[in-house]
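Okay, here's what each chain looks like letter by letter:
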Amino acid sequence: MQRVRRGILWLLAVIMVISAVPGTAFARPGYDRYIDVKKIQTGKTGQNMTINMVFTNIDDIDLEGVAIRFDEGLANQESDAFEDGETFTGSVFPFEITTETFDNKKIGNVKSGSSKTVSLTARVRRDVADGYYSVPLEIVTNATVKNDGSGLAREKINIWITKSTSTTEPDESEGDIRFELGEGQNTPFGVYPQVMNFDINFRNSSNITAFDVNIRMGLDQDSTKFPFDINDGSYNRHYDKIGGGETVAVPYSMAIRKDVYSGYYPITFTIEYRDSTEGEIQKSEQIFYVKVQNKEREENNGDFDPNDRTRARIIVDGFETIPETIYAGEEFELILHMKNASDHVAASNILFSLESEKVTDSAVFTTDAGSSSFVVNNLGAGQTTDLRVKLKAGAWVDQRTYAITINEKYDSPEFKNAEEKVTVDIPVRQVARLNTGTVEVMPDSITVGSETNVMFPINNTGKVLLYNVMVSFVGDSIQQNSSYVGNIKPGETGNVDVMISGAAPTMDDGKVKILITYEDENGVVSEPIEKELTLMVTEPVDPGFDIGDPGEFPADGEVQGSAGPGKVLIPVLAVVVIAAAAGIVFVLKRRKKKAQELGEETDNEI
C-alpha cells in the first residue's frame, strides 16, 4: 500500500510540475514572471525567514483581490511522505507547516503594468541541510488570468538556507516580534532628476508591542547598489513603540543619482527594537524594493547601422476628455489610447512622459496630483493601452488649441532605448463676457409716433471675440427695433446708437427690454443677455383743435382783447416748435461730440 500511495503522490507531483511549465499564466515564452526577486533571500534553520518579493501585473487587464501564498499542494508531498516513514529532505518545502503557513497574503488590486511589494514569513525546519531550495508559490486573484482561465498562477523562487549556530530554542535570539514591509502599497517609482517622496508601510505582524524601535536604511556609495544621493547625515527613523498588528508609514524623500541605471533596487533596512521597555535590543533585517528610471545599461551589440534594426511604432490611436468641452481654469481628465502599430514587433519597458505646450514659459496644462509619467511593462504588436491623467487648463490662456507631447522611450527585441514623440492637440475655450455702460435715452418721454435716441456702450471684458453683436428693443409701447453693432474684440467697446419710435401709450412703469446677442466662431448664437431702459410714451396732441389761418395776423386792437381758439394756440405751437428744435440741436451736438471723441481715440491709436 505504501508503494501504491507513493506512486500516486509522485504522479500528482508530475501533474503539478506539468501545470507549471510554459503555457500557464506565469511561464509564457517571451514574457517575465509575475514574481520578481532581485536578491536571493537567505535564512537559518529553526528561525523565522521573511521572503521579500515584487509582484508585477504583466497582463493587459487589471487584477482585483490579488493574494500570494505558499503552494500547499506541492508542500504537502513531503509532509505525506514523512508520515509514511520516508526520509524528509525539505527539497520541495523547507518550512515548518502550521495552521498559518498557507494563509493568503493579500496584495489588493493591481493595475496592468503596476507593481507592488509583498512578503511571506515562515519558520525554517531545523533538520534541513545547507543549500539552495526552490519554494513553490501560488498567486490568487478574483479576476480570471487570461492564459489558463483559472485565476490561479504558480511560480517558484530560490532561497539559500544555512545551519543556525544558535544553541537556544528557535527564534529566542530574535524574539517573537516580526516586521513586514510594503504591505498593500505600490512599489515606489521615480524618474531622474525628480525627487522621490514615498512612504514605506512597516507592520508589526506579531501580537506583541515593540518598544524603542529604530529603523535604519542601508546606504551604499555604489550607485549600482543604492540609487539615491546620500545628502542627509542620518536616514534613521525612531518610534517609541509600535503595537502588535500596528502599521506605521515611514516617510522618505530621496534624490535620484545622476549616474544610476534604470531598474529595481533592493534597499536593506535594519530594525532594532525591544520586546519590553527594559528588554534587550534585538535586530531584524528586511528588504524593500524601489524602481527608478534614468539611463539604460549599454549592451555590446556591435557596430551597425541603427536603421538596420526593427523597432515597434507606438502611436496615439485616439483620445478623449472628460468633460468633452474644456474651459480655461477648469480641471479635466485626459484619456490617451496608445497603440503599438507594428504588426510583429513588441515593445517593453515603455516610459510615457507627458509634456505640455508653454506660453511665456508657463505650462498651459498642469497636474495638481499624481504623475505625468507612466510605465508600461509590455505592449505586444497591435495591442492598445490607456493612459489616464487629470489636468487643469490655465485660466489665463487664450481660446485656441494647445499641444501635449507624449515622449516615448522603450525597448524592442532588436532596438534598445528607442525614443519617439507624438502630440495631441487639445482645444481650450474661454467663457465670453461683456457688460454695458450707462443707457442714455433722450428724450425719456415721447408721444405716440415720435422718436427718441438711445445710446450706450457694450464692453467685451472676456478673452474671445464677440461676432455679429445684435441689440433688440422689445416693449408694448414701442415699435420693435434692432441695431447691428458688429464684431467686438477682447478689451474693446462697441457703441449702440438707435432711434426708437413710440407705438402706444405706456400702460405700465415704462420698462423696455434690451436684448443683446452674439455669435461664437462657429456661428452659434448665444442666449440673449437682458438689460432695461425706461421710456414713457404719451398720447399725441389732438389734431382736431382749430389753430386758425396761419396767414392771418390779428389787428393791433385784437391782441389785447379776447382771443379766439386760433389766436390762443399760436404761442403754444411756438413753444412746441422751439422745444422740438432744442431737442434736435441737443441730439446733433451729442453725436458731434461722440464723433469727436471717436476721432481722438483713433488719433491716439495711430
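Above this text sits the structure in question.
Calculation rules
- Think of each chain on its own: its residues are numbered from 1, step by step along the sequence as written.
- Only residues with pLDDT of at least 70 are given local features in this predicted model, and only at 80 or more are side-chain atom pairs given and counted; all residues enter the totals for whole chains, interfaces and linings.
- With hydrogens and water set aside, each side-chain value is computed from the structure's full complement of heavy atoms.
- The criterion is simple. A nonpolar core is a set of buried Ala, Val, Leu, Ile, Met, Phe, Trp, Tyr and Cys residues joined through side-chain atoms within 4.5 Å.
- For every residue, the accessible area (1.4 Å probe, protein chains only) is compared with the maximum for its type, and the residue is labelled buried under 20%, exposed over 50%, or partly exposed between those bounds.
- A run of H or I in DSSP becomes a helix once it reaches four residues, and a run of E becomes a strand once it reaches two; helices and strands are each numbered from the N terminus.
- Any two residues having at least one pair of non-hydrogen atoms within 4.5 Å are treated as being in contact.
- Two strands pair if DSSP finds at least two bridges between them.
- Salt bridges are defined as contacts in which a side-chain nitrogen from Lys or Arg sits within 4 Å of a carboxyl oxygen from Asp or Glu.

Peer 1: Summarise the nonpolar core; cite the residues concerned and give the values.
Peer 2: Judged by nonpolar contacts, the single largest core of 33 residues is most densely connected at F352 and F365. Looking at this core, the elements that each hand over two or more residues are strand 18 (331-340), strand 19 (347-356), strand 23 (373-379), strand 24 (384-393), strand 25 (400-412) and strand 26 (415-428). Here this core gets six residues from one element, more than from any other, and that element is strand 26. If sequence neighbours within four positions are ignored, F365 has contacts with F332, S356, L391, K392, A393, Y402, I404, I426 and V428.

Peer 1: Any details on unusual backbone geometry? Residues and values, ideally.
Peer 2: In this structure, the amide linkage connecting Y192 to the following residue, P193, adopts the cis form with an omega of 10°. Of note in this structure, N349 is not a glycine but carries a positive phi near 50°. Structurally, N349 can be placed in strand 19. Backbone geometry at D361 places phi at a positive 65°, although glycine is not the residue there.

Peer 1: Kindly report on the pairing of strand 18, identifying the contributing residues and their values.
Peer 2: Counting buried residues in strand 18 gives seven out of 10 residues, a clear majority hidden from the surface. For strand 18 and strand 24, the ladder comprises nine bridges, and the chain directions are antiparallel. Bridge pairing in strand 24 links M338 to T385.

Peer 1: Talk me through the pattern of salt bridges; I want residue IDs and the actual numbers.
Peer 2: For the structure on display, the rule yields 18 salt bridges. Ionic pairing is found between D71 and R154, a salt bridge with its closest N-O pair at 3.2 Å. Of the two residues, D71 sits in the loop between strand 4 (63-70) and helix 2 (72-83) while R154 sits in strand 8 (residues 152-162), which places them 83 residues apart along the sequence. Of the charged contacts, one joins K105 and E180 as a salt bridge, the two residues approaching to 2.4 Å between their closest N and O atoms. In this pair, K105 is assigned in strand 5 (residues 105-110) and E180 in strand 9 (residues 179-181), connecting sequence segments 75 residues apart. Each of the two residues, K105 as well as E180, counts as buried. Here the residues in one salt-bridge network are R69, D71, E138 and R154, joined through shared partners.

Peer 1: Provide a residue-level description of the environment of A503, including the pertinent values.
Peer 2: Secondary-structure assignment places A503 in the loop between strand 33 (493-501) and strand 34 (511-519). On the basis of relative accessible area, A503 is assigned to the partly exposed category, the value being 36%. Along the sequence, A503 and T447 sit 56 residues apart, while their C-alpha atoms lie 8.5 Å from each other. Those residues within four positions of A503 in sequence are excluded, and the remaining contacts are V448, S477, I478 and Q479.

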